[in-house]
Amino acid sequence: MNVIGRWKVEITFGNGPQRSLRFDAQDSGKGTFLLVDPRSNVWESAKPSEAKWTQGDGNSVTFSGAVEFPIGNVGRDAGMLVCKGKFETANLITGDVEFSPLVGDGPSKSGTFKASRAGGAE
């Protein structure tokens with residue numbers, strides 16, 4: 001299975017909020033995250049952030065990086081996002097996600113994610 005390419009990632013945290021982002025996986029375990037949540041455009045358009053990925057045994061894959069999720073229309077929740085999953089098919093990865101805030105003592109959030117390979121001009 002090949003991780004390299006563009007992925008549409010849908011995240012559902014256990015406490016309810018859903019988030020969407022794009023993961024562009026490049027050679028050598030490098031990549032970028034880009035929020036595609038409409039709320040991220042309240043002040044300015046979202047900017048890509050650095051991400052990395054590793055592929056393990058048995059079709060397992062992990063990708064992670066720093067992200068800033070919008071909080072309402074007044075703030076941002078900055079932290080480290082880690083997605084650990086497995087290839088279900090060549091174009092679908094599912095698994096667990098954890099978000100750990102970078103500042104403050106807010107609790108980590110956990111949930112599930114589904115990443116589907118993005119086609120064409122997305």
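What you see is a predicted model, and the numbers here were worked out from it, not measured in a lab.

What follows is about the packing of aromatic side chains. Per the stated rule, a full pass over the model turns up eight aromatic pairs. Ring centres of Phe23 and Phe63 lie 4.5 Å apart, and the angle between their planes is 10°; on these two criteria the pair is classed as stacked. You can see Phe23 sitting in strand 2 (residues 18-25) and its partner Phe63 sitting in strand 5 (residues 60-71), a full 40 residues away along the chain. Accessibility expressed as a relative area gives 1% for Phe63, which makes it buried. Arranged with centres 5.5 Å apart and planes meeting at 80°, the rings of Phe63 and Phe113 form a pair that is edge-to-face. Remark: Phe113 occurs in strand 8 (residues 109-117) and Phe63 occurs in strand 5; sequence separation between them is 50 residues. Joined through ring pairs, the aromatic side chains of Phe23, Phe33, Phe63 and Phe113 make up one cluster. Lying over the aromatic face of Phe13, Lys109 brings its terminal NZ or CZ to 5.7 Å of the ring centre.

Another aspect to go through is the side chain of Ser64. By the secondary structure assignment, Ser64 is in strand 5. Owing to a relative accessible area of 11%, Ser64 belongs among the buried residues under this scheme. Residues contacting Ser64, with those up to four places away along its chain left out, are Phe33, Ala51, Lys52, Leu81 and Val82.

For Asp24, the position within the fold is in strand 2. Polar side-chain contacts of Asp24 include one of 3.3 Å to the side chain of Arg22. Apart from residues no more than four positions distant in its own chain, Asp24 is found in contact with Gly5, Arg6, Lys30, Gly31 and Thr32.

Attention shifts here to the sheet that holds strand 1 (residues 5-13). One closed barrel holds the eight strands; their spatial order is 1-2-3-4-5-6-7-8, and the pairing between them is antiparallel. Direction aside, neighbouring strands of the sheet carry axes that sit 30° apart on average. Bridging between strand 3 (residues 30-35) and strand 4 (residues 49-55) involves four bridges; their strand directions are antiparallel. By the bridge assignment for strand 4, Thr32 is matched with Glu50.

For the rest of this paragraph, the subject is the nonpolar core. Counting residues in hydrophobic clusters, the biggest one holds 24 residues, and the most contacted among them are Trp7, Val9, Phe23, Phe63, Leu81 and Phe113. Only strand 1, strand 2, strand 3, strand 4, strand 5, strand 6 (75-89), strand 7 (92-101) and strand 8 provide two or more residues apiece to this core. Beyond its immediate stretch of four places on either side in the chain, Leu81 contacts Ile11, Phe13, Leu21, Phe33, Phe63, Ser64, Gly65, Val67, Phe69, Val97, Glu98 and Phe99.

What counts as what
- Residues numbered from 1 in each chain as written.
- Predicted model: local features only at pLDDT ≥ 70, side-chain atom pairs only at ≥ 80, totals over all residues.
- Heavy atoms only, no water.
- Phe/Tyr/Trp six-rings, centres within 6.5 Å; stacked < 30°, edge-to-face > 60°.
- Helix = DSSP H or I, 4+ residues; strand = E, 2+ residues; numbered from the N terminus.
- Buried < 20%, exposed > 50% of the residue type's maximum accessible area, 1.4 Å probe, protein only.
- Lys NZ or Arg CZ within 6 Å of the ring centre and 35° of its normal.
- Contact = heavy atoms within 4.5 Å.
- Polar contact = N/O pair within 3.5 Å; in protein donor to acceptor, adjacent residues only side chain to side chain.
- Pairing = 2+ DSSP bridges.
- Axes fitted to C-alpha atoms, helices over the stretch in contact; angles between N-to-C directions.
- Core = buried A, V, L, I, M, F, W, Y, C linked by side-chain atoms within 4.5 Å.

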